[in-house]
Amino acid sequence: MIAIGSDHAAFGFKEEIKAYLIAKNCEIHDFGTFGPERVDYCDLGFRVGEAVARGECEKGLVFCGTGVGISISANKVRGIRAVVCSEPYSAKLSREHNDTNILALGSRVVGIELAKMIIDVWLNTEFEAGRHTTRIEKIACYEQQSEK
Ligand code: RB5
């Protein structure tokens, strides 16, 4: 199950990506927003982040105008490693090396076809583990300690 969410700036973009993924038989949980009315990107970033952190959804896709605000918000949820990308190379490496569990894209930054390519690469790339695991664990450890 893939969690998906966007603010108003990326609402149409989210709808196009959702249709694209459904056509590829992906299971989607859409957390909104559900119309063009203004909303705060952070609320959607938290919602998708929490669904992924709780294990209800395996991965998350979040969109806002730049991808920046919604990725910062998702990254505030414990256990989330969100990356904002505008090209496939970083998307691929973010899975292989950083085990990212949320991908953020900016609807005002990337065109829809490039977005689909980035998403395909990100969804289909596995974490390499090995030496990268220690670094992920270090981040998780820091996250836990800084919450005390
Ligand atoms: C909304 O205008 C815009 O600020 C938002 O979509 C996003 O780009 C924030 O990072």
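1. Things to note about the overall build of the protein chain
Here's step 1: When helices and strands are counted, the protein chain shows 6 helices and 5 strands.
Here's step 2: The order of helices and strands in the protein chain, counted from the N terminus, is β-α-β-α-β-α-β-α-β-α-α.
Here's step 3: Its C-alpha radius of gyration of 14 Å places the protein chain within 12% of the 15 Å reference for a compact globule of 148 residues.
Here's step 4: Dimensions of the protein chain along its principal axes, counting C-alpha atoms only, are 40 × 30 × 25 Å.
Here's step 5: Looking at the 148 residues of the protein chain, the share that counts as buried comes to 47%.
Here's step 6: Residue pairs in contact within the protein chain that sit at least 24 positions apart in sequence constitute 70% of those at least 6 positions apart.
Here's step 7: Looking at the protein chain as shown, the accessible area adds up to about 7700 Å², and 52% of this sits on carbon and sulfur atoms.

2. What to know about the environment of Cys64
Here's step 1: Among the structural elements, Cys64 can be located in strand 3 (residues 59-64).
Here's step 2: Among the residues examined, Cys64 registers a relative accessible area of 3% and is labelled buried.
Here's step 3: Through-space distance from the C-alpha of Cys64 to that of Phe13 is 9.0 Å; in sequence the pair is 51 residues apart.
Here's step 4: Among residues more than four places away in sequence, those in contact with Cys64 are Asp7, Ala10, Tyr41, Gly69, Ile70, Leu105, Gly106 and Ser107.

3. What about the packing of helix 1 (residues 11-23) against helix 5 (residues 112-123)?
Here's step 1: Between helix 1 and helix 5, whose axes approach to 11 Å, the crossing angle comes to 50°. It follows from the interaxial angle that helix 1 and helix 5 lie oblique. Helix-helix and strand crossings are classified by hand; for helix 1 and helix 5 the assignment is right-handed. Mapping the contact onto sequence places Phe13, Glu16, Ile17, Tyr20 and Leu21 in helix 1 and Ile112, Ala115, Lys116, Ile119, Asp120 and Leu123 in helix 5.
Here's step 2: Of the residues that constitute the contact of helix 1 with helix 5, the class distribution is 8 nonpolar, no polar and 3 charged.

Rules behind the numbers
- Residues numbered from 1 in each chain as written.
- Predicted model: local features only at pLDDT ≥ 70, side-chain atom pairs only at ≥ 80, totals over all residues.
- Heavy atoms only, no water.
- Helix = DSSP H or I, 4+ residues; strand = E, 2+ residues; numbered from the N terminus.
- Rg over C-alpha atoms; globule rule 2.2 N^0.38 Å.
- Buried < 20%, exposed > 50% of the residue type's maximum accessible area, 1.4 Å probe, protein only.
- Contact = heavy atoms within 4.5 Å.
- Areas by Shrake-Rupley, 256 points an atom, 1.4 Å probe, with all protein chains shown as cover.
- Axes fitted to C-alpha atoms, helices over the stretch in contact; angles between N-to-C directions.
- Parallel < 35°, antiparallel > 145°, perpendicular 65-115°, else oblique.
- Left-handed = near helix turned anticlockwise from the far one by under 90°.
- Nonpolar A, V, L, I, M, F, W, Y, C, P; charged D, E, K, R; others polar.

On their own, these measurements won't tell you what the molecule is for.
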